[in-house]
Amino acid sequence: MQTNPLTRLSVQQLKRAVAIREKVEGLEKELDRIIGGETVGKGSARRRKALRRGASRRRISKAVKGRSSVQKRMVSPRGGLKARIIRALRAAGDKGVTVKDLARKLGKSYGNISVWFHTTGKGVKEIEKVSPGKFAWAD
């Protein structure tokens, strides 16, 4: 089963794609006016291309309309990071783990994990700072 690549795009990316497509169409029309119209051989190919563009616009529009308001606001799935960080800290033991190593292990950016510790992590009493950039789970 083939998946539609448009379903993985955010609403902003879809809107940007539509805007670019409309610009391209406008430029093609302007070029046609400058050149002086279509030649006999180009008509059918041009018509097929126009139909494809229309179909693409409809698919994009349908993908945007099909999303709920929550999906439109939320680009990536949320949740689970706290639990994953706590599991990794418990597994590291008393020595702890560096933010850099934790980010690599979880597949997140260093900045994302670092900010998490300085915001959300502050509210978790069991997390303690072992050394600069290194945290451990204190039971």
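Rules used in this analysis
- Residues numbered from 1 in each chain as written.
- Predicted model: local features only at pLDDT ≥ 70, side-chain atom pairs only at ≥ 80, totals over all residues.
- Heavy atoms only, no water.
- Helix = DSSP H or I, 4+ residues; strand = E, 2+ residues; numbered from the N terminus.
- Buried < 20%, exposed > 50% of the residue type's maximum accessible area, 1.4 Å probe, protein only.
- Pairing = 2+ DSSP bridges.

Asks: Whenever I open this one, the environment of Ala103 confuses me. Can you help?
Replies: Topologically, Ala103 is positioned in helix 5 (residues 99-106). Overall, Ala103 belongs to the buried group, its relative accessible area being 4%. Sequence separation between Ala103 and Ser114 is eleven residues; the distance between their C-alpha atoms is 8.6 Å.

Asks: What exactly am I supposed to notice about the pairing of strand 3 (residues 134-137) here?
Replies: Here is the key point about a regular strand: its side chains alternate between the two faces of the sheet. Two elements, strand 1 (residues 97-98) and strand 3, share two bridges in a ladder whose sense is antiparallel. Residue pairing in the sheet places Thr98 in a bridge with Lys134 of strand 3. Alignment of strand 2 (residues 127-131) against strand 3, held across four bridges, turns out to be antiparallel. By the bridge assignment for strand 3, Ile127 is matched with Trp137. Taken together, strand 2 and the strand that follows it, strand 3, pair antiparallel across an intervening segment of two residues, in which Gly133 is found at a positive phi of about 75°.

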